[in-house]
Amino acid sequence: MPKIELKHITKKFNNTFTAVDDLSITIEDGDFITLLGPSGCGKTTTLRQIAGLETPTSGEILIDGKVMFSSEKLIDVAPSQRDVGFLFQNYALWPHMTVFQNIAFGLENLKWPKDKIDARVKELLKLLKIEEFPNRYPAELSGGQQQRVAIARTLATNPRILLMDEPLSNLDAKLRMEMRAELKRLHHETGATFVYVTHDQLEAMTLATKICLLDKGVLQQYAPPLMVYAHPANTFVADFVGSPSINLVDGMIKTVQGGTVSLDVDGFTATMEMGDGFKGVDIVPAKIGIRPEYISLSEEGVPARVISSLPSGMETIVHLEVRKGLPLTSVIFGQNDFAVGSTLHVTFPTDRCMLFDDKGNLVGLGKLTLR
């Protein structure tokens, strides 16, 4: 399977709006990459440029070492010559064709022999677990079944790369969960390179081998999902990834002594014992990042008032107010509930709290004490 290289890709519309700004990433053979970010961040534009459906303003795109686009060399290979499959958000199935005919359509256009078409379609029907529906029409299928047919049709010609633009957004929550599992299984079984656009951070976390997180066309972080979650490059990444969202607390750094950072946080003194790799930080405004699961409720620690308690069975999300203007969100696993207005105490029994500098960049992880 091929490697995809994007080198300094920029895309401008009308020479005024920059959709993608100097993007450079390498997608390795067999990767499952999610292009993640808010609406308008450039993720679909990036996908379409890989496919050849959108022409970059500048930069270079290589697939398997071959130049597909180069503004400098004046090369722009047609989409049909890039050997990629594109799965659209709306499925784009032919309503007057059966499931079998939809899947076989591309193979017939490529003049495959009839026996090979039959064998390939049956193989894909089995792979996508829709072998009982070959003679049905799209209107006779559920949304999830239509999605499976669309995937089978895209895989039919054995594309080296499968590009997907929010393919699960039209499905309900339960079907989306099922199809995520199916896509992960398909990626493992086909060994193809998947590039997948989504604005859903849970989808990106559960599917990807690497997340490419964009904001306003600029790359924020490109790393495996758990690295993005535990070591976000900046406060934008920390806030965008994770549900419930991370607690970001403003503070002013007072002293830095070796690996110990002391901050003033709304009248509290916060001390962070930084871990290995900490290179120091200036005495400036800063932010402390605390994932909700890193906050424990106990009989000791800083008192906090319960603003709301949202039990869901497996976990309870608790919104707290340590002091007026200083809210915290905690996640407590298990079947718990807490009375609104009651007082609890919070501690931070982890060495994975985050410290961000005045520019919002992560400077290190450490153990937080608040008093």
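Higher on the page you've got the structure.
Residues numbered from 1 in each chain as written. Predicted model: local features only at pLDDT ≥ 70, side-chain atom pairs only at ≥ 80, totals over all residues. Heavy atoms only, no water.

Asks: Whenever I open this one, the overall build of the protein chain confuses me. Can you help?
Replies: Check the secondary structure of the protein chain and you find eight helices and 22 strands. Overall, the C-alpha framework of the protein chain stretches about 75 × 50 × 35 Å when taken along its three principal axes. Here the protein chain, with 371 residues, has 50% of them falling under the buried criterion. Taking all contacts inside the protein chain whose residues are at least 6 apart in sequence as the whole, residues at least 24 apart take part in 63%. If the 38 positive side-chain charges of the protein chain are averaged to one point and the 44 negative ones to another, these points end up 4 Å apart. (Helix = DSSP H or I, 4+ residues; strand = E, 2+ residues; numbered from the N terminus. Buried < 20%, exposed > 50% of the residue type's maximum accessible area, 1.4 Å probe, protein only. Contact = heavy atoms within 4.5 Å. Lys, Arg positive; Asp, Glu negative; His and termini not counted. Charge placed at Lys NZ, Arg CZ, Asp CG, Glu CD.)

Asks: In this structure, what is going on with the packing of aromatic side chains? I would like to understand it.
Replies: How two aromatic rings sit relative to each other is set out by the distance from centre to centre and by the angle between their planes. What the rule picks out here adds up to four aromatic pairs. By way of ring pairs, the aromatic residues F32, F194 and Y196 are connected into one cluster. Between the NZ or CZ atom of K11 and the centre of the ring of F13, over which it lies, the distance is 5.0 Å. Residue placement shows R291 over the ring face of Y229; its charged tip is 4.0 Å from the ring centre. (Phe/Tyr/Trp six-rings, centres within 6.5 Å; stacked < 30°, edge-to-face > 60°. Lys NZ or Arg CZ within 6 Å of the ring centre and 35° of its normal.)

Asks: It is not clear to me how helix 5 (residues 173-190) should be interpreted in this structure. Could you clarify?
Replies: The α-helix advances 3.6 residues per turn, and as a result positions three or four apart in sequence lie on the same side. An ideal rise of 1.5 Å per residue puts 26 Å on 18 residues; helix 5 measures up with 26 Å between its terminal C-alpha atoms. Looking only at helix 5, the buried set comprises M179, R180, E182, L183, R185, L186 and H187. Tucked into the core, helix 5 has its buried residues touching strand 3 (32-36), helix 3 (114-127), helix 4 (143-155), strand 8 (161-165), strand 9 (193-198) and helix 6 (201-207). Looking one or two places after helix 5, you find G191, whose phi comes out positive at around 70°. (Expected span 1.5 Å × (residues − 1).)

Asks: Sorry, what's going on with the sheet that holds strand 7 (residues 84-87) here?
Replies: Sheet strands pair by backbone hydrogen bonding; their relative direction is either parallel or antiparallel. Spatial ordering of the open sheet is given by 7-8-9-3-10-11, a layout of six strands whose pairing is mixed. Whereas interior strands pair on both sides, the edge strands pair on one side only; in this sheet they are strand 7 and strand 11 (218-223). Put simply, the sheet's adjacent strands are angled 15° from each other on average, direction ignored. Note that strand 8 and strand 9 share five bridges and pair parallel. Note on strand 9: the bridge partner recorded for L162 is F194. (Pairing = 2+ DSSP bridges. Axes fitted to C-alpha atoms, helices over the stretch in contact; angles between N-to-C directions.)

Asks: Please clarify how the layout of surface pockets should be interpreted in this entry.
Replies: Gaps left between atoms are located by rolling a probe of water-molecule size over the structure's atoms. Estimates place the volume of the largest pocket at around 720 Å³. Lining the largest pocket are 21 residues, and of these V84, G85, F86, T154 and T157 lie nearest its centre. Of all the secondary-structure elements, those providing two or more residues to the lining of the largest pocket are strand 7, helix 2 (99-109) and helix 4. A total of four residues in the lining of the largest pocket trace back to one element, the largest contributor, which is strand 7. A per-class count over the lining of the largest pocket returns 13 nonpolar, six polar and two charged. If you trace the second largest pocket, you find 14 residues lining it, with L202, Y229, G242, S243 and P244 closest to the centre. (1 Å grid on protein atoms, 1.4 Å probe; cavity = no way out; pocket = protein on both sides within 12 Å on 5 of 7 lines; lining within 4 Å. Points joined across faces, edges and corners; volume = space filled by probe spheres on them. Nonpolar A, V, L, I, M, F, W, Y, C, P; charged D, E, K, R; others polar.)

These values are about where atoms sit, not about what they do.
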